[in-house]
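# Summary of the model geometry
Take a look at the letters that make up each chain.
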Amino acid sequence: MKILFVCLGNICRSPAAEGIMQHLVEERGLQDAFTLDSAGTYAGHQGELPDKRMRVHAARRGYQLTHRSRPVRESDFFDFDLIIAMDDSNYHNLRRMAPTVEAEQKVVKMIDFCRRHPYYDAVPDPYYGGASGFELVLDLLEDATEGLLDSLTAEKS
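Residues numbered from 1 in each chain as written. Predicted model: local features only at pLDDT ≥ 70, side-chain atom pairs only at ≥ 80, totals over all residues. Heavy atoms only, no water.

A separate point is the overall build of the protein. When helices and strands are counted, the protein shows 6 helices and 4 strands. Starting at the N terminus and walking to the C terminus, you meet the elements of the protein as β-α-β-α-α-β-α-α-β-α. In summary, the protein has a C-alpha radius of gyration of 14 Å against a globular reference of 15 Å for 157 residues, a match within 12%. Projected onto its principal axes, the C-alpha coordinates of the protein cover approximately 40 × 40 × 30 Å. Long-range pairs, those at least 24 residues apart, make up 73% of the contacts in the protein with a sequence separation of at least 6. Summed over all atoms, the accessible surface of the protein reaches about 7,700 Å², with 48% contributed by carbon and sulfur. (Helix = DSSP H or I, 4+ residues; strand = E, 2+ residues; numbered from the N terminus. Rg over C-alpha atoms; globule rule 2.2 N^0.38 Å. Contact = heavy atoms within 4.5 Å. Areas by Shrake-Rupley, 256 points an atom, 1.4 Å probe, with all protein chains shown as cover.)

Reading across the sheet, the 4 strands line up as S2-S1-S3-S4 and stay open at both edges, with parallel pairing between neighbours. Every other strand in the sheet has two partners, leaving strand S2 (35-40) and strand S4 (107-109) as the edge strands with one partner each. Neighbour-to-neighbour, the strand axes of this sheet turn through a mean angle of 30°, independent of strand direction. Of the pairings in the sheet, the one linking strand S1 (residues 2-7) to S2 comprises 6 bridges and is parallel in character. Each residue of the ladder has a partner; that of cysteine 7, found in S2, is glycine 40. (Pairing = 2+ DSSP bridges. Axes fitted to C-alpha atoms, helices over the stretch in contact; angles between N-to-C directions.)

Okay, here's the thing in structure tokens:
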């Protein structure tokens, strides 16, 4: 299963989702079953590490975020089985970018996999906020990645 996590700049939410999912996959011994990556719908941060604030908050929880930002490419729609958007704006942009109807159907919302945070309709962008925003994003992503992995492993059982 190949999964691409997507946010706007690929420096906060999507690399955190990738790092948390990688951690969960390794914890469950499933690293051979998954290929994970992240990208952004905006290319302005291309080649950069994740935002330092996100790396600090993630490291406190045991996640090392080393991904280098990259933009979404048309080939991603053919290379990945699932393309997971962090919010409605990126969800709609990805669906518009999809080169085929089949590729468009691969685009889903990260928040739809949350089980413990039913009052959120998106993973909010913490970039312009304070520490609590980064912590909230990590809480939502931990919940959603667990839900995602559980749903994918249940399908294979």
